[in-house]
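The lines below spell out each chain.
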Amino acid sequence: ARRTDLPTYAFQHQHYWPEVVPGLNGDVTGFGLHNAEHPLLGAEVLLADGDGLVLTSRLSLDSHPWLADHAIFGSVLLPGTAFVELALHAGERIGCGALEELTLQAPLVLPERGAMMLQVVVGTADADGRRQVTVHSAPAGVEDGTWTLHASGVVSAGTLVPGAELAEWPPRDAETVPVDGMYDSMTEIGYGYGPVFQGLRAVWRRGGELFAEVALPEDAVEQAGRFGLHPALLDSALHAIGVGGGLAGLEGPGLPFAWTGVSLFAVGSPVLRARITATDGTVSLDLADGTGSPVGRIGSLVLRPVTAQQLDGAAQSDSSDSLFRLEWTPVPTGSAPAAQDAAEFDVLVVPTAEADADVVSGVHATVVDVLAQVQEWLATDRDASARLVVVTCGAVGEVSDL
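Residues numbered from 1 in each chain as written. Predicted model: local features only at pLDDT ≥ 70, side-chain atom pairs only at ≥ 80, totals over all residues. Heavy atoms only, no water.

A closer look at the overall build of the protein chain
- Across its full length, the protein chain carries seven helices and 19 strands.
- Per-residue burial over the protein chain gives 41% buried out of 402 residues.
- Considering only contacts within the protein chain whose residues lie at least 6 apart along the sequence, 65% involve residues at least 24 apart.
- Counting only carbon and sulfur atoms, one obtains 53% of the accessible surface of the protein chain, whose full area is about 22,500 Å². (Helix = DSSP H or I, 4+ residues; strand = E, 2+ residues; numbered from the N terminus. Buried < 20%, exposed > 50% of the residue type's maximum accessible area, 1.4 Å probe, protein only. Contact = heavy atoms within 4.5 Å. Areas by Shrake-Rupley, 256 points an atom, 1.4 Å probe, with all protein chains shown as cover.)

So this is what it looks like as structure tokens:
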């Protein structure tokens, strides 16, 4: 016998095919659009008057599998940090790189199957050069689907406040806060974070300040360069708040609600150092890269608690058929339904199948026969108020005759 080399990909998980990067592939210029140059966005179009911008995308767990690592109470949500990233990118594309404020109106629940269409819209500039930015979604593949507003805010050219340098690391006179078992504890209260969102590596405390070190897993490091600030990285920095004792008045899982004064000074870092300060139920963050050089600043962030019922409601509101359900209404028909009210209704009694007949072929034959009779009835001239009643038996409840 001769030894044969086995293929590597089935055993070592080394793939020969290139990775597909959502949002960065395909030529959209043939449709009068431009590439949005962002992994969460596909295309953009500058409005004809030159004073507005629309960016579009299609999000799903197939196209963006790393989003499945962000779940609350079993529902996969687009992270609040992703809305910040979308707003910052949209603003930067039109010359407004500072996010003055962003309020999250409703969570965006990603379905297990199917996709959500996304629109990020930057409006016209006011007298001060400030622009409204909104993020909407709707179920993909649904004509005239209802669009849900998820976030609204304001972007501007702004004045970048110098960021804090965090070169001395760990911080002087700061005590270590244990993080072992933290993600197991978070799972118990409703968070369901996968590897990409389990980025918190270390936490220190110094008085009223928290210092956190976060990093993307090795297989996600390449993604960081495609974002201004990777949503999973910023989200992981917020996990330090729970380790440090949480915020007063916040019980159970908390999600970002209102962001104020967000600026980026550098992009693409796979590692963050964060200084977090809590004041009156809000937090502010200074962000730096692995060398301590400033990356960004968040002037204020408000977190709000979320319940499983709220997420269920959000998922249903995003469903294209959430208003439809099957409901059987019993109607008394007596012992001879085919003969009852014969003057008022035309009655078609569906014959029962023979006991030894093949179920599949029997169903097909019966459906074809009933269809032919219904079509014949429709083709016959009769009064507009005429009604046809199709009577079956053994087809509902305890099914004995499909």
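Okay, back to it.
With respect to the nonpolar core
- In terms of nonpolar packing, the biggest core is built from 80 residues, with Leu102, Leu200 and Trp259 touching the most fellow members.
- Of the residues forming this core, the biggest block, eight residues, is contributed by helix H5 (residues 231-243).
- Setting aside residues no more than four positions away along its own chain, Trp259 makes contact with Gly80, Thr81, Val84, Glu100, Glu101, Leu102, Leu104, Leu234, Leu238, Ile298, Ser300 and Leu301.
- In terms of nonpolar packing, the next biggest core, distinct from the first, is built from seven residues, Trp169, Ala202, Phe211 and Ala288 among them. (Core = buried A, V, L, I, M, F, W, Y, C linked by side-chain atoms within 4.5 Å.)

A few points about the pairing of strand S2 (residues 41-46)
- Where strand S1 (residues 34-38) lies against S2, three bridges are found, and the strand directions are antiparallel. Residue His38 lies in a different strand from S2, and its bridge partner there is Leu41.
- In this antiparallel pair of consecutive strands, S1 and S2, the connection spans two residues.
- Bridge count for S2 against strand S3 (residues 53-59) is four bridges, and the pairing is antiparallel. For Val45, the partnering residue across the bridge sits in S3 and is Val54.
- Hairpin remark: S2 followed by S3, antiparallel, with six residues in the connecting loop; positive phi at Gly50, about 75 degrees. (Pairing = 2+ DSSP bridges.)

Structural notes on helix H7 (residues 359-379)
- Over its 21 residues, H7 extends 30 Å from the first C-alpha to the last, a length consistent with the 30 Å expected when each residue adds 1.5 Å.
- Every buried residue of H7 is accounted for by Gly362, Val370 and Trp377. Viewed along the axis of H7, the buried residues span an arc of 50 degrees, placing them on a single side of the element. For H7, exposure combined with an orientation more than 90 degrees from the buried face picks out Val360, His364, Val367, Val368, Glu376, Leu378 and Ala379.
- For H7, the elements touching its buried residues are strand S18 (346-349) and strand S19 (388-391). (Expected span 1.5 Å × (residues − 1). Arc of directions from axis to C-beta.)

Digging into the pattern of salt bridges
- Applying the stated criterion across every chain yields a total of twelve salt bridges.
- Note that Arg382 and Asp346 form a salt bridge whose closest N and O atoms lie 3.6 Å from each other. Taken together, the residues Arg382 in the loop between H7 and S19 and Asp346 in strand S18 connect sequence positions 36 residues apart.
- With a relative accessible area of 34%, Arg382 lands in the partly exposed category.
- Assessed through its relative accessible area of 31%, Asp346 is described here as partly exposed.
- Among the charged side chains, a network of salt bridges with common partners joins Arg206, Glu209, Arg275, Asp286 and Arg297. (Salt bridge = Lys/Arg side-chain N within 4 Å of Asp/Glu carboxyl O.)

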